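Remarks on the overall topology
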Amino acid sequence: MNTEKRTILLTHNSENTIHTGGTKKAGSRLEFNSIQCLRFVAALMVVLLHATFYAEERLDSTVSKYEPGAHGVPLFFVISGFVMILSSQNLIDDKNGWKKFAVKRIVRIVPIYWIIATIKLLVMLTTSKLVLHSQFDLGYVLKSYFFIPAFNPASGLVEPLLGVGWTLNFEMFFYLIFTLSLFFKFNRMWFIGTVLLSLSVISLFKKSTWPAVGFYADPIVMDFFWGMIAGLFIMKGKFISGNTAIFLILLGLSILFLPVMYYLGSYNSVHIWGIASFLVVYGCASIESSKSINYNSIVLFFGTASYSLYLIHPIIAPLAPSLFKHFGLIWPVFSILLSMALALAAGAVCYYALERPISKKLNTKMRQLEFFQKKP
């Protein structure tokens, strides 16, 4: 990598803020703020999908759900693969690299997820009218906390207590095989790519009553690998030129989030959404690697707080249509807007009150662990 050598760091409050040397001389720093912005876009699209769903379910059955919002998930997964391949580069030759990687991922993901899942559980137990499709079952709850795919006793679907947590089951599985690649000193691209591709192929033939088999054998797992490929290209200094990158970004975003593209395509075009997300992530990282760009501070903030936003919004957003219904106001558009406003406000509060202070404290303790203090 010579002059293209990169120093990669993750900030304590976001897994996707990366500092790298970009195309500048070694030692300079470039923040991939575009990746932060994409995290906000992904979270906001999921919030919009759910806001329309809550309005249809609780207020007005004629409301059309914003189905393309679901494509925020493949965008999240591609971003995750992109960040992991870059951030783990300095762990490859470290004998404690796998421990550092695993602990960082646990500290980043688990505490806030457990807290918000507990809030959901308490809301479910105390105000059952506000939480639909939920039923208490101790075994199911425990599996939800520990990212084990299980059938929801209320809906019959394989999903955790906190519905959006299904994506974290995939994330934690990805982190597990990433940790194994570091532990056994396997080539990350080949080992992880083989596992994910195998699961994608198995999905064509899966017939099992065991939830984990049916859950992980899903072509969506390839989205992580698309992100890894984008990260590898950036790490090796293989960037897309400016105008081409802009075109690919716009193309990818259109495929992902324009309703007309959604309905023209196939409902099972999982790989299309992954490739479109790859184009967006790779294009944004390429542009930002070659020139400085100013980003809106509010968008950057919500990119940083996107994890809190993503987790908390299913608890707070349904309040809007419930309130409108209670007062006899069948105003679906205003219900959707209020759901999104409440979600953004709750996400910001959750980030400031929970995620940021907890992450800061745990990261301090993490760095005090013996194997973190040892040099590679």
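Below is a short write-up of the structure. Predicted model only: the values in this text are computed from it and were never measured. (Residues numbered from 1 in each chain as written. Predicted model: local features only at pLDDT ≥ 70, side-chain atom pairs only at ≥ 80, totals over all residues. Heavy atoms only, no water.)

1. As for the overall build of the chain
The condition that has to hold: The numbering of helices and of strands both runs from the N terminus, where a helix is a DSSP run of H or I of at least 4 residues and a strand a run of E of at least 2. Here the term buried applies to any residue with accessible area under 20% of the maximum for its type, exposed to any over 50%, and partly exposed to those in between, with areas from a 1.4 Å probe on protein chains only. Working rule for contacts: check all heavy atoms of both residues, and any pair within 4.5 Å makes them a contact. The Shrake-Rupley method, run with a 1.4 Å probe, gives the accessible areas here. Residue values count only the displayed protein chains as cover.
In terms of regular secondary structure, the chain is built from 16 helices and three strands. Put simply, the chain has 376 residues, and 52% of those count as buried. Expressed as a percentage of contacts within the chain between residues at least 6 apart in sequence, the contacts between residues at least 24 apart total 72%. Just so you have it, the chain exposes about 17500 Å², and 67% of that area is on carbon and sulfur atoms.

2. Overview of the environment of Val 110
Relative to the elements of secondary structure, Val 110 occurs in helix H3 (residues 97-126). When the C-alpha atoms of Val 110 and Leu 168 are compared, they prove to be 9.4 Å apart, with 58 residues separating the residues in sequence. Here Val 110 is in contact with Phe 147 and Met 172, once residues within four sequence places are set aside.

3. As for a nonpolar patch on the surface
Applied cut-off: Put simply, a patch holds well-exposed residues, over 30% relative accessible area, that have no salt bridge, with like charges counted together within 9 Å and Val, Leu, Ile, Met, Phe, Trp or Tyr side chains within 5 Å. Note on definitions: salt bridges are taken to be side-chain nitrogens of Lys or Arg within 4 Å of carboxyl oxygens of Asp or Glu.
Among the surface-exposed residues, Trp 114, Leu 138, Leu 142, Phe 146 and Ile 148 lie close enough to one another that they form a single nonpolar patch of about 490 Å² accessible area. With respect to the secondary-structure elements, Trp 114 resides in helix H3. Residue classification places Trp 114 among the partly exposed positions, given a relative accessible area of 32%.

4. A word on the pattern of salt bridges
Taken as a whole and assessed by the stated rule, the structure comprises five salt bridges. For Glu 57, the salt bridge is made with Arg 58, and the minimal N-O distance between the two is 3.8 Å. Assessed through its relative accessible area of 29%, Glu 57 is described here as partly exposed. One salt bridge in this structure joins Glu 67 and Lys 65, with 4.0 Å as the shortest N-O distance. For Glu 67, a relative accessible area of 24% corresponds to the partly exposed category.

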